[in-house]
Amino acid sequence: MDSTLACLVDWMPRQRWYTSKGHSPRLRLLGALDLTSPDPSARVRVLVVADDAVVPVVVYQVPVVLRAGAPTGAALIGRTPDGLALVDGPHDPAFTTALLAEVSDHAAAASGMTARVLSGEQSNTSIIFEGAGPPVICKVFRQLNPGVNPDIELQTALTDGGSQHVPRAIGQLAASWTDPAEPGRETTGSLAFAQEFLPGVEDAWRVALRAAAAAESFTSAAHALGAATADVHLSLARLLPTAAADDDARAAVTLAWQRRLDIAIAEVPPLARHRDAVSAVYERALRTRWQPLQRIHGDLHLGQVLHAPARGWVLVDFEGEPMRPISERRRPDSVLRDLAGMLRSFDYVAGSLGRDGATAPPAWAPDARRAFLGGYEGRTGHPATGPLLDAFELDKAVYEAIYESRNRPDWLAIPLAAIDRLVGTG
């Protein structure tokens, strides 16, 4: 196993899902799960490793296939002292077939499916299965946390509740491993989640971007998207526990807002001039009336919605906002967090066009925003505007400023313009 970990130390920093860029991993094995391989010449294992190079410790899942004579290439992690090739599991049919058999509980169907890895993902690895039956997409969670992943929990509940606004949940894979902080204690968490795959569909970002570039109204589509979002929220409130927005709950939300603002000001100095104005928006929100808290999508934007011609808008990826601790993402929250995320996404469509030389009509984003909120309010009967929504949108823009400063500095003007508008200076 030491030789396997040594291979991973060299290989993991080059993977998009490895979060601690700039550090050399310090790995220790927390657990291993053997899957039944359909290939007698291959051994399929799922390794759970802790990276002690950062604080707090990050736990990763690394599925591997051990085989003789495997070809070299991007999927090759390294070789063991006895000459076996160590292959990244999602790129090897021995692992993908074993995985589908586990999550679908149907080994025969799995053997008739071909697998391909979805490109471009940052934090997980998704595998698309097509062939003998209805297509399936299986998300392999690279970074692990204790408990059921929110993506599995929420989409399974919505599937069981009959919602047509999410892909149908098919199955999951879980495992136990040693708690990295308490060696004598075991913890259990989610490894993978399989759901219906919708081939040939576009996400709402591409649909909206095309409309804005052509100066076409998006109001009808945005209104329908607002209604679909409301339907999902109403279903989640019916299917899962809710909580009163009491003093402690409101204080926890506003503390998170302020903590994020402090980080943003430290990393984006131009925001310092807005500290008092932003805090005033948060204080007004704290004094307003809050609806009961419930489970929500948690990271809703146009890229998290698919347009399926036979079903309309379909919401995906319920894991929540990546920069929030998973314990926060699992708590009941305000539905306005999701609405704020979508409002910011309409602004991003218009802002991204402006960066490329093309421009959306000045009213495109405001009209889409109003239509989205109108569709939502029409379904729920509750007003979705006011100081509380302003605060959630402002917090989202502050989050975006942190993200853009770290990853895409040339996009920073988009959230900064929103912050100016929301505090009344733009």
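Residues numbered from 1 in each chain as written. Predicted model: local features only at pLDDT ≥ 70, side-chain atom pairs only at ≥ 80, totals over all residues. Heavy atoms only, no water.

(A) Region of interest: the packing of helix H7 (residues 247-267) against helix H8 (residues 275-287). Where H7 contacts H8, the two axes come as close as 11 Å, and the packing angle between them is 170°. Classified by the angle their axes make, H7 and H8 are roughly antiparallel. Each of Arg250, Thr254, Trp257, Gln258, Leu261, Asp262 and Ile265 in H7 lies in contact with H8, whose residues at this interface are Arg275, Val278, Ser279, Tyr282, Ala285 and Leu286. Taken together, the residues of the contact of H7 with H8 sort by class into 7 nonpolar, 3 polar and 3 charged. (Axes fitted to C-alpha atoms, helices over the stretch in contact; angles between N-to-C directions. Helix = DSSP H or I, 4+ residues; strand = E, 2+ residues; numbered from the N terminus. Parallel < 35°, antiparallel > 145°, perpendicular 65-115°, else oblique. Contact = heavy atoms within 4.5 Å. Nonpolar A, V, L, I, M, F, W, Y, C, P; charged D, E, K, R; others polar.)

(B) Region of interest: the pattern of salt bridges. Applying the stated criterion to the full structure yields 36 salt bridges. Across the pair glutamate 196 and arginine 311 runs a salt bridge whose closest N-O atoms are separated by 2.9 Å. Highlighted residues: glutamate 196 in strand S10 (residues 186-196) and arginine 311 in the loop between strand S12 (305-308) and strand S13 (312-315), separated in sequence by 115 residues. Of the charged contacts in the structure, one is a salt bridge between arginine 408 and glutamate 404, with a shortest N-O distance of 2.9 Å. (Salt bridge = Lys/Arg side-chain N within 4 Å of Asp/Glu carboxyl O.)

(C) Spatial organisation of the sheet that holds strand S11 (residues 202-203). In spatial order, the strands read S11-S12-S13; together these 3 strands make up an open sheet with antiparallel pairing. Looking at which strands have only one partner, the edges of the open sheet turn out to be S11 and S13. As judged from the 4 bridges shared by S12 and S13, these two strands associate in the antiparallel manner. When the sheet's bridge partners are listed, valine 305 is paired in S13 with leucine 315. (Pairing = 2+ DSSP bridges.)

(D) Main features of the nonpolar core. Judged by nonpolar contacts, the single largest core of 71 residues is most densely connected at Phe218, Trp257, Phe346, Trp364 and Phe372. Counting residues per element, this core draws most heavily on helix H12 (residues 387-407), which supplies 9 residues. Listed in part, the 35 residues of the second largest apolar core include Ala85, Ile127, Phe129 and Phe193. (Core = buried A, V, L, I, M, F, W, Y, C linked by side-chain atoms within 4.5 Å. Buried < 20%, exposed > 50% of the residue type's maximum accessible area, 1.4 Å probe, protein only.)

(E) Region of interest: helix H10 (residues 336-355). Look at H10: 28 Å from first C-alpha to last across 20 residues, which is about the 28 Å you get at 1.5 Å a residue. Most of H10 is tucked away, with 16 of its 20 residues classed as buried. Phi turns positive, to about 100°, at glycine 357, one or two residues after H10. (Expected span 1.5 Å × (residues − 1).)

(F) Examining the packing of aromatic side chains more closely. Counted according to the given criterion, the structure contains 12 aromatic pairs. With a centroid separation of 6.5 Å and 70° between ring planes, the pair formed by phenylalanine 346 and tryptophan 364 is classed as edge-to-face. Placement of phenylalanine 346 in helix H10 and of tryptophan 364 in helix H11 (residues 364-380) is noted, with a sequence separation of 18 residues between them. Note on accessibility: phenylalanine 346 and tryptophan 364 belong to one class, buried. Note that arginine 408 overlies the ring of tryptophan 411, its terminal NZ or CZ placed 4.0 Å from the centroid. (Phe/Tyr/Trp six-rings, centres within 6.5 Å; stacked < 30°, edge-to-face > 60°. Lys NZ or Arg CZ within 6 Å of the ring centre and 35° of its normal.)

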